[in-house]
Amino acid sequence: MTCRLVWVVDGEELSRPLDKEQITIGRSPSNDIFISHNSVSRRHACLIRDGDGWRIEDLGSRNGIRLNETENLNRRLRHGDVISLGRTQLAFVDESAGAGPVTNDDEPLDPGVQTTVRTAMEFGDLVGSIPSDSVVTAGADRVGRLVTVVSEASKAILESKSLDDTFHRMLDVIFAQLPAERGFILLWDEQRRELAVRCSKSRRATGLGAPMRVSKTIADKVFRETVTVLTTDAQVDGRFADGESVYDLGIRSAIAAPIWRAERVEGLICLDATVQRAFEAFDADLLSAMGHQLAVAIERSRLQMLALEKERLDRELAVAREIQIATLPAEVPRLAGYDLAGVSRPAEATGGDTYDLVPLEGDRIILLLGDATGHGIGPALSVTQVRSMLRVAVRLDADLDAAFRQINDQLAEDLDDARFVTAFIGVLEGDAHRVRFHSGGQGPIMHFRSADDAFEWQPATTTPMGFMRAATTPPARIIDLAPGDILGLLTDGVFEAEDTAGEMFGTARVEGLVRRHAGGSMKQLAREILLAVDEYAGEAPQADDITIVLVQRLPGADRG
């Protein structure tokens, strides 16, 4: 049971949720609800939770408590009860008691004596009729009132600190210009597929406990046709509100205007009053004007929120990018008789690729190339996890087979079914001039044999890592490196890069680059591959992360 108290101070609606077992009310600031009027005692009353309801108790106040203008406090509070403390009235609201702001009805809307419909187009014609050089004293005539309303509404929007502040200020402008006793701003909730009250204002406490009810017929008409609907006697026009709230509150006049911009309707502004014919047709035009300005404010707020969210996301991505870059090798380890290089370029701020080169004792280097499904923060976390687990395995002196199996099994536990990591994990053994490796889904693996100017492209040794737990680990595969040979580990961002016609870069172009630049450094070869991919793609954006690790056994540097 979600309940709150609502009261009015200087025309502003205030409310307090009943979120404690006891809520004290009084003139002392130490109370949960502080009311400064001198007719209220310092500790005047206390709301006490009673099972799933609430009771109110007099704390020995000077002016006592009246419940719905009676002194009978011996019952639980009900939705809509009005509590009088001296000259201050508070409404008890049980938010689970009432229906939503839109009621179901099947009655057609038949404009007649009680109901007037004005379209946004008619309002546009009215605004267009204002001379550009007119200087009209505010309130002198209808054009003057319109100019005043537009000016005051614009000022309220510009001075607002938030969208909620805008709603409150707009209702203040409306109350200053129109004889409304209650006002409600309702916005369309896309997730719940219904109208929801975002802001309300009342000149009297007795109206706050009962929500504004607008018939589905009228709400649909306002939404679909962008019209403002005015009723001059809601006691007769049963479509504008449910009978109970209309008759209990004595509502006679009401307006429902769209919050509209171009073809988009964001919600409604609803006003009512207990005076018959309190509003005239021109008031509907004024409310439509403010509805239009309010929609512009909502759109501006939406764009500001998107800009702020993008700025926040950009900052987070920049931090994530810095963290990911920090996990890449700061420098390439040296191994006599070998030249190594590595480079990684994400398609977005963060990528799903990584590589690592970890020196070990005995002229050995751990080689890692990882590629997680997708690109962005999620895949970046996955490949960073692989790198971290591999580093831990190295510190624990785990052998290649055990490290590969344990990392795979941990990924299978951590990643959801739609995610996996393709990874090459190998050991370059300088003394033996070979690479022993496991490749979980990562391939093809390039071996350029310098002596016969030939290429061997090896497939992955097993399924991608994290796809399933490994019952057994197949034996590590071995590539022997002769002088001048090059081992190339490249993610599919290289092979699958497309030109503007949709043709892939492929392996043949990689082979041509390796043949032309095999005599230079591996760092330069990696750079040439990146430049060639960029030139090939032309204006097409980089669709996938690109990572390259190259290992060459230097010609003429045989140590074995």
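Source: prediction; values computed, not measured.

Reading guide: rules and limits
Residues numbered from 1 in each chain as written. Predicted model: local features only at pLDDT ≥ 70, side-chain atom pairs only at ≥ 80, totals over all residues. Heavy atoms only, no water. Helix = DSSP H or I, 4+ residues; strand = E, 2+ residues; numbered from the N terminus. Contact = heavy atoms within 4.5 Å. Phe/Tyr/Trp six-rings, centres within 6.5 Å; stacked < 30°, edge-to-face > 60°. Buried < 20%, exposed > 50% of the residue type's maximum accessible area, 1.4 Å probe, protein only. Pairing = 2+ DSSP bridges. Axes fitted to C-alpha atoms, helices over the stretch in contact; angles between N-to-C directions. Salt bridge = Lys/Arg side-chain N within 4 Å of Asp/Glu carboxyl O. pLDDT = per-residue confidence, 0-100.

## Observations regarding the side chain of Gln442
Topologically, Gln442 is positioned in the loop between strand S22 (434-440) and strand S23 (445-449). Contact partners of Gln442, with chain neighbours within four places excluded, come to Leu369, Asp371, Thr422, Ala423, Phe424, Ala460, Leu490 and Thr491.

## What to know about the packing of aromatic side chains
Taken as a whole and judged by the stated rule, the model has 5 aromatic pairs. Here the aromatic rings of Phe424 and Phe437 are separated by 4.9 Å at their centres, their planes lie at 20°, and the arrangement is stacked. In this pair, Phe424 sits in strand S21 (residues 421-429) while Phe437 sits in strand S22, placing the two residues 13 residues apart along the sequence. Accessibility assignment for this pair places Phe424 and Phe437 in one class, buried. Relative to Phe455, the ring of Phe448 lies with its centre 4.8 Å away and its plane at 40°, an arrangement referred to as tilted.

## Quick word on the pairing of strand S6 (residues 53-58)
By the bridge criterion, 6 bridges tie strand S5 (residues 45-50) to S6 in an arrangement that is antiparallel. In the strand pairing of S6, Cys46 is matched with Glu57. Counting the residues that bridge the hairpin from S5 to S6 gives 2 residues, and of these Gly51 lies at a positive phi of roughly 65°.

## As for the sheet that holds strand S27 (residues 546-553)
Ordered by their spatial adjacency, 5 strands build an open sheet running S18-S27-S26-S23-S24, and the pairing between neighbours is antiparallel. Two strands bound the open sheet, and with one partner strand each, they are strand S18 (338-345) and strand S24 (454-458). Across the sheet, the mean angle separating the axes of adjacent strands is 15° when strand polarity is ignored. When S23 meets strand S26 (residues 486-490), the two strands line up antiparallel, connected through 3 bridges. Across the sheet, Phe448 pairs through a bridge with Ile486, a residue of S26. Contacts between helix H10 (residues 506-517) and the sheet are confined to S23, S24 and S26, with S24 contributing the most and set at about 135° to the helix. Relative to S27, helix H11 (residues 522-537) is tilted by about 145°, and along the sheet it contacts S18, S26 and S27.

## A few points about the sheet that holds S21
Sheet architecture is open: 5 strands sit in the order S19-S20-S21-S22-S25, paired in antiparallel fashion. One side of each edge strand has no neighbouring strand; the edge strands of this open sheet are strand S19 (353-360) and strand S25 (477-480). The sheet shows a mean angle of 20° between the axes of neighbouring strands, direction not considered. The pairing of S22 with S25 spans 4 bridges and is antiparallel. Bridge assignment links Arg436 to a residue of S25, and that residue is Ile478.

## Some points on the pairing of strand S17 (residues 264-273)
Counting buried residues in S17 gives 9 out of 10 residues, a clear majority hidden from the surface. Relative to S17, strand S12 (residues 182-189) runs antiparallel, the two being bridged by 6 bridges. What sits directly across from Gly183, in S17, is Leu271. With 9 bridges joining them, strand S16 (residues 253-261) and S17 adopt antiparallel strand pairing. Paired with Ile255 across the two strands is Leu271, which belongs to S17.

## With respect to the pattern of salt bridges
Side chains bearing opposite charge may pair, as long as their charged atoms lie close to each other. This structure, assessed with the given rule, holds 28 salt bridges. A salt bridge links Asp52 to Arg76, with the nearest nitrogen and oxygen atoms 2.8 Å apart. Pair noted here: Asp52 is in the loop between S5 and S6 and Arg76 is in the loop between strand S7 (65-67) and strand S8 (82-85), with a separation of 24 residues, a long-range link. Given the relative accessible area of 52%, Asp52 is considered exposed. The salt bridge partner of Asp356 is Arg391, with a shortest N-O separation of 2.8 Å. On the criterion of sequence distance, the pair formed by Asp356 in strand S19 and Arg391 in helix H7 (residues 377-395) is long-range, its members being 35 residues apart. One salt-bridge network, in which partners are shared between bridges, spans Asp50, Asp52, Arg55 and Arg76.

## Examining the confidence of the model for the chain
Here the chain shows a mean pLDDT of 81. Residues at 70 or above account for 82%. The lowest-confidence element of the chain is helix H5 (residues 243-249), averaging 45 in pLDDT; the highest-confidence one is S23, averaging 97. For residues 106-113, every residue scores under 50 in pLDDT, and the model assigns this stretch 15 contacts once sequence neighbours within four places are set aside. A low-confidence stretch, residues 241-249 stays under pLDDT 50, and its non-local contacts, those more than four residues away or across chains, total 15 contacts.

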